[in-house]
Amino acid sequence: MLTAAEGKALVEDAATAASERSLTGSKHTAPETFIPLTKAALIDRLTEPHRWPGVDIPVVRRMFRYLDYWRQQQYTVRLLGLLEAYHAFSPDSDLLQTREYSDADREALKRRTFDGIERLLQNANYRRLDPDDVDIILTRASIYGLDLHVDLKAFDDVLIYYRGVSNETYERRNYRKFGRKEEFDVPVFRRLCIVFKLKPFETRVTEVMAEMNYSRQRAERHVRRTRAVLPKAVKDGNIYMKLFRNIPHTDMEMVFPNTEVRFRMWDKVRLGATAGGGIGFGLFTSAGKIALLASNPIAAAGAAVGVGGIAFRQAMAFVNQKQRYMVVMAQNLYFHAMADNRSAIVKIANSAAEEDIKEDWLLYSVLAKASASRHDIEAIDRAIEAHLKQEFGIVVDFDISDAVARLKADGLLMEDADGTFRVFPPHEAAQHIDKRWDLLLDHLPDPGHAEGIELDSDV
């Protein structure tokens, strides 16, 4: 990374480094805390010999690797606890259920699961999608020509997080230009994660009765009809987590399980005109034959069957059009899916550990080569952002406060009474992590009290 002279100069010249930052466009296009670099690429650049004059580079690389593995084991401990809580809600588990849970137990486990997943997403530098933005996005037209609808009130809890926003180029035919293809840019979420749990059936029925002033019987029919679009495997007692890539903003409805495909206005007009015209023409041509009902009932019956056939064919046109829409949605969603449920949690945890270690490496590389204090935190933050822009051409909103807290918790960063920061040099830092690793098993957190009651062995 930076040499000692470069690091000190950048710390002192915060004003110049600040000019490298740019927050352009909407809040979804502002610089993110996500660092879009592999660990291998970053460690190679940070350990170039000229950046550590007088220091043995293999020692620096060993210290970075030690810190990497140390951070990963910390996330492993967190992950094991989270997966244990999630087991009661996992839709994919093939393990024997040996415990039963009261309503209070399930509520406590549910809260622990949602809170744990949300912390992992934030550690992985995902951003929560604002509910107001969700409402706006869900009302926009789909780039695939679909009219989709999602009832968010059906969910007991729902989290929507994204990471990375960019534009992708799509093609479509412009019939105002005689069907010629034209390109257009579509904003996409590079990563989109949703976590949700359906409301219990009775809870949703009670809400519908209050919201729509329905009788219980009518409210139950309404809830059953809206849940008919759900796959049979989706249960209101489970928590589902879905991870997607490159989802267009306008097609975010596709990622929900209760998405309804509706006809667009053009489809209603086209199919309605076709159906009306077909049936009308059939009635007109069959009117004379139907009038012969008394004298020639066979001909009249044939005419009636013909009109019925036309009506059936037009009805099937509506059904087939909706099926085509469902196929389009399924085909496009298939190539966006990345992971589900337990595997999605593991993937997010790995990503969170990777983001933390990249931030720790960057901060340590500055503090190990330039004296600084708490008063310099903002300047260091801007210096690291300027370095990433200069070295890799990326604009990142570096999250320095979390990195400082982690290095202090590990004992690698000390702060004097006057706010001066001190860190171990690379060889001492490696030895320090080595000692902490030796004590790892002695300081594992106690699993504590588990919710639920163990079932009898003969059950």
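Quick caveat: nothing in here was measured; it's all calculated off a predicted structure.

Chemist: Quick question: what am I supposed to make of the environment of T226 here?
Modeler: Mapped onto the elements, T226 comes out in helix α8 (residues 216-227). Between the C-alpha atoms of T226 and V150, which are 76 residues apart in sequence, the distance is 10.0 Å. Within the structure, T226 has its side chain in polar contact with the backbone oxygen of V223 (distance 2.9 Å).

Chemist: Please explain the environment of I35 as it appears in this structure.
Modeler: The topology assignment puts I35 in the loop between α2 (14-18) and α3 (39-46). When its relative accessible area of 0% is taken as the criterion, I35 is described as buried. Each residue touching I35, except ones within four places of it in the same chain, is listed here: E355, K358, E359, L362, V396 and F398.

Chemist: How do you make sense of the side chain of D105 when you look at a structure like this?
Modeler: The residue D105 is located in helix α5 (residues 103-123) in this model. Buried and without a salt bridge, D105 has R99 as its closest oppositely charged side chain, separated by 7.2 Å. Ignoring anything within four residues of it in the chain, the contact list for D105 reads E451 and G452.

Chemist: What should I look at first to understand the packing of helix α7 (residues 201-212) against α8 in this one?
Modeler: Each packed pair of helices is defined by two parameters, the angle between the axes and the distance between the axes. The N-to-C vectors of α7 and α8 enclose an angle of 120°; their axes lie 9 Å apart at closest approach. The hand of the α7/α8 crossing is right-handed. Counting all contacts with α7, which are made through F201, E202, R204, V205, T206, V208, M209 and M212, the residues of α8 involved are R216, A219, E220, H222, V223, R224 and R227. A breakdown of the residues in the contact of α7 with α8 according to their chemical character gives seven nonpolar, two polar and six charged.

Chemist: Would you explain unusual backbone geometry in this entry?
Modeler: For N125, which is not glycine, the phi dihedral falls at a positive 65°. Among the structural elements, N125 can be located in the loop between α5 and β2 (127-128). Residue N125 is classed as buried on the basis of its relative accessible area of 4%. Backbone geometry places N246, a non-glycine residue, at a positive phi of 50°. Secondary-structure assignment places N246 in strand β6 (residues 240-248). Given a relative accessible area of 14%, N246 falls into the buried group.

What counts, and where the lines are drawn
- Residues numbered from 1 in each chain as written.
- Predicted model: local features only at pLDDT ≥ 70, side-chain atom pairs only at ≥ 80, totals over all residues.
- Heavy atoms only, no water.
- Helix = DSSP H or I, 4+ residues; strand = E, 2+ residues; numbered from the N terminus.
- Polar contact = N/O pair within 3.5 Å; in protein donor to acceptor, adjacent residues only side chain to side chain.
- Buried < 20%, exposed > 50% of the residue type's maximum accessible area, 1.4 Å probe, protein only.
- Contact = heavy atoms within 4.5 Å.
- Lys, Arg positive; Asp, Glu negative; His and termini not counted.
- Salt bridge = Lys/Arg side-chain N within 4 Å of Asp/Glu carboxyl O.
- Axes fitted to C-alpha atoms, helices over the stretch in contact; angles between N-to-C directions.
- Left-handed = near helix turned anticlockwise from the far one by under 90°.
- Nonpolar A, V, L, I, M, F, W, Y, C, P; charged D, E, K, R; others polar.

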